[in-house]
Amino acid sequence: MSAMALPRFALDTDRRAIAGVCAGIARALGVDLTLVRLVFAVLGLAGGAGILLYLALWAYARARRIWLTVLLAFVSGALVLGAIGLSGSGILGIALVGVGLWLALRRGRSLRPDAPVSYWGLGLAAVGVAIAVPGGTPTLLAPAAVAAALVLLVGPWLWRLVLERDAERAARVRSDERSDVAARVHDSVLQTLALIQRHAQEPQRVSALARRQERELRGWLYGDLPHGNGASSLEAALSTTAADVEEVHGVRVELASAGDCPVDDGVEAVVLAAREAMTNAAKFAGVEEIDVYAEVTEDTVAVFVRDRGSGFDRAAVPGDRRGIVESIEGRLERVGGRATIASTPGEGTEVELRLPRSAS
Amino acid sequence: MKPRIVLVDDHTLFLAGVRAELGDSVEVVGTAGSVAEAVPLIKELDPDVVLLDVHLPDGGGDAVINAVAPDRPGVRFLALSVSDAAEDVIAVIRAGARGYVTKTISGEELAQAIERVRSGDAVFSPRLAGFALDAFRAGERVGGDAELNELTPREREVLQLIARGYMYKEIAARLHLSVKTVESHVSNVLRKLQLSTRHELTRWATQHRLV
């Protein structure tokens, strides 16, 4: 834990009116300069205490004469107390309390919370209270002095607790993040690397694995894809689908998109139909690459699945092959969309899936 | 004559792979792994085409283009990346790259793309075409300087076909155009992407990432 930063006092000669004491205080405490000057002016009216205090601080800053400063400050404090009508013994008592507390905390030469407390100082402060209270001091003052003493003693300790708690929380957040990354890398990258080693002899499978991993990692890094299978947008869902097809069939799927939209029942049907189209292309077209393009406008969702493969003649496809009719055309019709399949033997196939957005 | 190219990429494995895949179709005159290395090298070698990674250890690919282009206006840049973050891609394109392809491209296609970039045409991968369509549409919704910020129906058609995976030749056949015309449409789109002063484009790209 780092030490508490105490305000450092030095003359501020850039903004000085006399010697820069007020400006220095304002800077050290981060308060308004005018306010500090006002306080000194008011104290100056209290039997000249403000002037003495000013001199005391000036002596401290210029000559580092600590005893002179303390002496002047005491006299100045006594003047203030006298000005508000305290008796001599009251002033003496309060002075003793002040010195005692100062001694109590001075051990370790600082107000750092972990510096040990001097019991001599505490004793002196207690004596001070004992003198001040019966000395005709206003009754409020004694409890106030005790309260001030408590604040001085307990305050730094509380402060330390708060700082420690913040540091702990930050450390916990960091370590949570680290374990999250570790878990993610373990579940994805390391698994994939292991798989790649096992399948080193099958270049297609290796490259499909690598591409899937790349897609996942990129999705995670750039936040394009939601984690896991709960795809929330058309693009994310198509991306997951494409990765699956790549992995299962060892093809490459190039996915491009313009616009995106949330997944509802209609869009889900489009994604499933696109998956069927990709699978067909991977299985029958004899190509290494499939292009998928998704376009979302205000009124339409359109997905194109294209390959440059062998193509087919629709009339020659046996009637018992349900893939196209059921999984693509039927699926789209049921949600109010339309599928168009254009294929030329020898040149390739393109499946176009269209869904009006109002219907979805 | 074979195009003289410089490869800028910090992944040495990938550099070696590209070199092997391109084989004899190009002359690789130099390679660099960072912005600091690439800038003086390109200025010195004055190659026809620079294949540029979008991400380098000490900056983006756009930093290389910005540093080189004023001194060597003849050098053409082709961005090559696995990065799909839209704003990164748009940044290199706006800096002046004449195209963007992904690293999964085959050697043969890459050689074609280099040739196309060398002759001053643009190369749009399906992905970039999708980005461009999306960006221009976002701009049209907001309105603005129509001349520069909108695509003509033909340009949009061409971009859509590129996004769907069609090659220039196939697009030309489908739209009954010449390949040259298709190329000039694509170059026009590139110019619009590069010249558009509209903030929308950048904003779109940033938003896109958050979708």
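Being a predicted model, the structure only gives us computed values, none of them experimental.

Asks: Lay out the interface of chain B and chain A with the relevant residues and their values.
Replies: Facing 26 residues of chain B, the contacting portion of chain A comprises 26 residues. Of the roughly 2200 Å² buried between chain B and chain A, counting both surfaces, carbon and sulfur atoms make up 41%. Looking only at chain B, the three residues that lose the most surface to chain A are B:Thr104, B:Arg137 and B:Arg164, adding up to 27% of its buried area. A salt bridge links A:Glu350 to B:Arg164; the shortest N-O distance between them is 2.6 Å. Viewed at the interface, chain A and chain B are joined by 10 residue pairs in polar contact (both at pLDDT 80 or more).

Asks: Before we move on, can you summarise a nonpolar patch on the surface with the specific residues and values?
Replies: All names here are of chain A. Together, Leu29, Val31, Leu35 and Val39 make up a nonpolar patch on the protein surface, roughly 350 Å² of accessible area in all. Along the chain, Val31 turns up in the loop between α1 (21-29) and α2 (33-45). A residue is classified by how much of its surface remains accessible, and Val31, at 38% relative accessible area, is partly exposed.

Asks: Requested: an account of the pattern of salt bridges, with residues and values cited.
Replies: A pair can form between side chains of opposite charge whenever their charged atoms are brought close. One pass over the full model with this rule turns up 16 salt bridges over all chains. Here A:Glu235 makes a salt bridge to B:Arg127, at a shortest N to O gap of 3.9 Å. One end of the pair, A:Glu235, is in helix α9 (residues 234-249); the other, B:Arg127, is in helix α6 (residues 126-142), on a second chain. B:Arg127 carries the same exposure label as A:Glu235, and that label is buried. In this structure, B:Lys180 and B:Glu183 form a salt bridge, with 2.7 Å as the shortest nitrogen-oxygen distance. Residue B:Lys180 and its partner B:Glu183 are located together in helix α10 (residues 179-195), separated by three residues, close to a single helical turn. Residue classification places B:Lys180 among the exposed residues on the basis of a relative accessible area of 56%. Taking the relative accessible area as the measure of exposure, B:Glu183 reaches 10% and is therefore buried. The structure contains a network of salt bridges with shared partners spanning B:Arg116, B:Asp121, B:Lys180 and B:Glu183.

Cut-offs applied
- Residues numbered from 1 in each chain as written.
- Chains lettered and ligands numbered in written order.
- Predicted model: local features only at pLDDT ≥ 70, side-chain atom pairs only at ≥ 80, totals over all residues.
- Heavy atoms only, no water.
- Contact = heavy atoms within 4.5 Å.
- Buried area = accessible area lost by both parts, 1.4 Å probe.
- Salt bridge = Lys/Arg side-chain N within 4 Å of Asp/Glu carboxyl O.
- Polar contact = N/O pair within 3.5 Å; in protein donor to acceptor, adjacent residues only side chain to side chain.
- Patch = residues over 30% accessible without salt bridge, like charges linked within 9 Å, V, L, I, M, F, W, Y side chains within 5 Å.
- Areas by Shrake-Rupley, 256 points an atom, 1.4 Å probe, with all protein chains shown as cover.
- Helix = DSSP H or I, 4+ residues; strand = E, 2+ residues; numbered from the N terminus.
- Buried < 20%, exposed > 50% of the residue type's maximum accessible area, 1.4 Å probe, protein only.

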